[in-house]
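A look at the structure
One-letter residues, chain by chain:
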Amino acid sequence: MTSIGARALRTRWFVRSPIPLFRAGLGFLFGGRLLLLQHTGRKSGEPRYVALETVERPDRNRVIIASGFGRSSQWFRNLQADPRCRVWIGFDRDRPATARVLTPQESVAVLDRYRREHPKAYAELAGVIEESTGLPIDQIPYLELTLDR
């Protein structure tokens, strides 16, 4: 039987529900745990939006995110085609940013810190991602978003 978390990740209206809140300037309600990412469609050239959970925020101008559905996620593929994006997080709105896929070594270090700092969240998240995608959590890609100053 599929868990509630795995079903929620596959439910389009649910995963898109934070987007209007961010666009209305209410992203601070998520306390920096979620962000809104605007990326450019690689075929259409149109702006696209996705709400994502942050994994780590090393400093005010850098955010680490994970592509929970792996390299096949549309937003991930779009950022590979054009790493320029815009980010809404906390009280920051519509900040230009650049995405970079972390190296395997950097990804391991991020995941190890997350596991140590948030053991309960890690256990739940790992289970949901593995159930939803069939990928172990240590095999999904992690990205760093560097917000322009």
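For the structure, see preceding data.
Now for a look at the structure at hand. A quick note: this is a predicted structure, and the numbers were derived from the prediction, not measured.

Analysis parameters
Residues numbered from 1 in each chain as written. Predicted model: local features only at pLDDT ≥ 70, side-chain atom pairs only at ≥ 80, totals over all residues. Heavy atoms only, no water. Helix = DSSP H or I, 4+ residues; strand = E, 2+ residues; numbered from the N terminus. Buried < 20%, exposed > 50% of the residue type's maximum accessible area, 1.4 Å probe, protein only. Contact = heavy atoms within 4.5 Å. Areas by Shrake-Rupley, 256 points an atom, 1.4 Å probe, with all protein chains shown as cover. Axes fitted to C-alpha atoms, helices over the stretch in contact; angles between N-to-C directions. Parallel < 35°, antiparallel > 145°, perpendicular 65-115°, else oblique. Nonpolar A, V, L, I, M, F, W, Y, C, P; charged D, E, K, R; others polar. Core = buried A, V, L, I, M, F, W, Y, C linked by side-chain atoms within 4.5 Å.

1. Brief notes about the overall build of the protein chain
- Scanning the protein chain from terminus to terminus reveals six helices and six strands.
- Along the protein chain, helices and strands appear, N-terminal first, in the series α-α-α-β-β-β-α-β-β-α-α-β.
- Here the protein chain holds 149 residues, and 41% of them are scored as buried.
- Within the protein chain, contacts between residues at least 6 apart in sequence are counted, and of these 60% link residues at least 24 apart.
- Carbon and sulfur atoms make up 55% of the accessible area of the protein chain, which totals about 8500 Å².

2. A word on the environment of glutamine 38
- Within the secondary structure, glutamine 38 sits in strand β1 (residues 34-40).
- A sequence separation of 47 residues divides glutamine 38 from cysteine 85, and the C-alpha atoms of the two residues are 5.6 Å apart.
- For glutamine 38, the contacting residues outside a window of four places in its chain are Pro47, Arg48, Tyr49, Cys85, Arg86, Trp88 and Asp94.

3. Some thoughts on the packing of helix α5 (residues 104-117) against helix α6 (residues 119-133)
- Close contact between α5 and α6 brings their axes to 5 Å; oriented N to C, the two are set at 120°. The angle between the axes of α5 and α6 places the two elements in the oblique class. Contacts from Leu111, Tyr114, Arg115, Arg116 and Glu117 of α5 reach α6 at Pro119, Ala121, Tyr122 and Leu125.
- In terms of residue class, the contact of α5 with α6 is made up of six nonpolar, no polar and three charged.

4. Observations concerning the nonpolar core
- Counting residues in hydrophobic clusters, the biggest one holds 17 residues, and the most contacted among them are Leu35, Leu37, Ile65, Trp75 and Leu145.
- Of all the secondary-structure elements, those providing two or more residues to this core are β1, β2 (47-59), β3 (62-66), α4 (74-81), β4 (84-89), β5 (92-101) and β6 (142-147).
- Formed by 13 residues, the second largest nonpolar core is a distinct cluster that contains Val55, Ile64, Ala66 and Val110.

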